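# Residue-level structural notes
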Amino acid sequence: MSRNAAVTRAGSDARMGSDQALAVYQELRARPEAGFDEVADRFELSADERERCRCELASLGLTAAPRDPSEPAVHTVVDPDVALLRLLRRERDRLQERLAATSRAHTALEALAGPFLRAGAAPRSEVEVEIVTDPQRVLRELSDLTESVRTAVHVMHTGSVRREDMAAELERDRSRAARGVRVRAMYSRRVGTVPEMTQHLKDRAALGVELRLSPVVPMNMVLADENFALLPTDPHAPDSPIILARGPGLVRSYLALYEYCWQAASRYGEEPGEQGGDGLSDQQRAALHMLASGIKDEQIARSLGVSLRTVSRLLSEVMQELGAASRFEAGVKAARLGLLDGEGPEPVA
């Protein structure tokens, strides 16, 4: 069979979407002197098909158009590993932008807690925000909350409860249960590996507390009655000052965040690792996101509360699920499927 016939056969056999883009990419690598349109002509692609292939390869960073429009329209072909590094760098930059936005939001919140609120810029009956630095004050607020809460308490824990605090927490649960207060608590899944916490969770569940476990819990948080919120000024620093907020104007926003995390978590007692629509478990998706953000295996292991060997296994499973022969290929496919930015797979025309 002649080369032209083989090319024509390959073009007719290629399926819609990524298979066509892969065929064009392989031909461009084999014949770097050829232009994109020349290769597309060889595969007999329609105008819509070649535009889709052009956009897909460009979005993955596998081709680069000439910077000067006056130059010949010969697309530069980029090696997959280089393209992946660029994708990861882009995702890391996006993550840093989000973290910077979060930091600016915290700064604005601290400003609200300053002279503006105290001067009456917002009615105290509607919104009160205070930055608390005294740990004893925080404990007093939690104790007062147990007595004053009327309908529901929602709690997030990023780690284990201290041994000396477990009995007090169970006593609060008994008091709330006796008054018909609903209590929900969300923990990082890694606490299930701590024997004392395993028993503590059983004790809380026996008292009627609704429990859920998640691979990643964003911060410590206590919410009550849509009117009280207690959370850190810096989610990544456990010893940072505490934000104490009262009033539905702010607390409802925090409750919306809690509800989102609650729905994504697994019910206590269920087997972890249930798969979503993309075929990946919660842990696998979390590991994939951190890998794509440039986080090293050791830090991924700490974040998930697992061993390095488990991280290697999780990433191997991700590669197998995505049909990738290496981590960089898994990253390219994850980017194409929209797994790195929380979106679903790209639609196939």
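Residues numbered from 1 in each chain as written. Predicted model: local features only at pLDDT ≥ 70, side-chain atom pairs only at ≥ 80, totals over all residues. Heavy atoms only, no water.

Here the focus is the overall build of the chain. The helix and strand tally for the chain stands at 13 helices and ten strands. For the chain, with 349 residues in total, the buried portion stands at 40%. Summed over all atoms, the accessible surface of the chain reaches about 19300 Å², with 52% contributed by carbon and sulfur. (Helix = DSSP H or I, 4+ residues; strand = E, 2+ residues; numbered from the N terminus. Buried < 20%, exposed > 50% of the residue type's maximum accessible area, 1.4 Å probe, protein only. Areas by Shrake-Rupley, 256 points an atom, 1.4 Å probe, with all protein chains shown as cover.)

This part is about the pattern of salt bridges. Under the defined criterion, the tally for this structure stands at 21 salt bridges. Across the pair Arg 174 and Glu 171 runs a salt bridge, and its minimum N-O distance is 3.4 Å. Within this pair, Arg 174 and its partner Glu 171 are both found in helix α7 (residues 163-178), separated by three residues, close to a single helical turn. By relative accessible area, which is 42% here, Arg 174 ends up partly exposed. Residue classification places Glu 171 among the partly exposed residues on the basis of a relative accessible area of 47%. In this structure, Arg 182 engages Glu 210 in a salt bridge whose closest nitrogen and oxygen atoms are separated by 2.8 Å. With a gap of 28 residues between them, Arg 182 in strand β5 (residues 182-188) and Glu 210 in strand β6 (residues 210-214) connect regions that are remote in the sequence. Residue classification places Glu 210 among the partly exposed positions, given a relative accessible area of 30%. Linked by salt bridges that have partners in common, Asp 37, Asp 41, Arg 50, Glu 51 and Arg 54 make up one network. (Salt bridge = Lys/Arg side-chain N within 4 Å of Asp/Glu carboxyl O.)

The eight strands are arranged β3-β9-β8-β7-β4-β5-β6-β10 in an open sheet whose pairing can be described as mixed. One side of each edge strand has no neighbouring strand; the edge strands of this open sheet are β3 (128-132) and β10 (266-267). Relative to β10, β6 is paired through two bridges, and the arrangement is antiparallel. Within β10, the position partnered with Leu 213 by the bridge is Ser 266. (Pairing = 2+ DSSP bridges.)

What follows covers the pairing of strand β7 (residues 221-224). Of the two faces of β7, the one carrying Met 221 and Leu 223 and the one carrying Val 222 and Ala 224 are both buried. Here four bridges tie strand β4 (residues 152-157) to β7, and the two strands are oriented antiparallel to one another. Bridge pairing in β7 links Val 153 to Ala 224. Relative to strand β8 (residues 228-232), β7 is paired through three bridges, and the arrangement is antiparallel. Residue pairing in the sheet places Val 222 in a bridge with Leu 230 of β8. With antiparallel pairing between neighbouring strands as the criterion, β7 and β8 make up a hairpin whose turn holds three residues, including Asp 225 at a positive phi of roughly 55°.

Moving on to the packing of helix α12 (residues 308-322) against helix α13 (residues 327-337). Following both chains from N to C, one finds α12 and α13 inclined at 60°, their axes separated by 9 Å at the closest point. One element, α12, and the other, α13, form an angle in the oblique class. Taken as a pair, α12 and α13 cross one another with a handedness that is left-handed. Of the residues in α13, those in contact with Leu 315, Met 319 and Leu 322 of α12 are Arg 327, Ala 330, Lys 333, Ala 334 and Leu 337. Residues belonging to the contact of α12 with α13 are distributed by class as follows: six nonpolar, no polar and two charged. (Axes fitted to C-alpha atoms, helices over the stretch in contact; angles between N-to-C directions. Parallel < 35°, antiparallel > 145°, perpendicular 65-115°, else oblique. Left-handed = near helix turned anticlockwise from the far one by under 90°. Contact = heavy atoms within 4.5 Å. Nonpolar A, V, L, I, M, F, W, Y, C, P; charged D, E, K, R; others polar.)

Here the focus is the confidence of the model for the chain. The predicted coordinates ought not to be read in detail in places where the model reports low pLDDT. Confidence in the prediction of the chain, expressed as mean pLDDT, is 77, and 81% of residues score 70 or more. Contacts of residues 121-125 to residues separated by more than four positions or lying in other chains number two contacts, the stretch itself having pLDDT below 50. (pLDDT = per-residue confidence, 0-100.)

So, on to helix α11 (residues 297-304). Every buried residue of α11 is accounted for by Asp 297, Ile 300, Ala 301 and Leu 304. What you see down the axis of α11 is that its buried residues fit within an arc of 100°, all on one side. Gly 305 sits one or two positions beyond α11 and adopts a positive phi of about 70°. (Arc of directions from axis to C-beta.)

The next subject is the nonpolar core. With 22 residues, the main nonpolar core has Val 24, Phe 36 and Leu 57 as its most contacted residues. At the level of elements, α2 (18-30), α3 (36-42), α4 (47-59) and α5 (80-118) are the ones that each hand at least two residues to this core. When residues in this core are grouped by element, the largest group, five residues, is from α2. Among the nonpolar cores identified, the runner-up in size contains 21 residues, and Ala 229, Leu 231, Ile 243 and Cys 261 belong to it. (Core = buried A, V, L, I, M, F, W, Y, C linked by side-chain atoms within 4.5 Å.)

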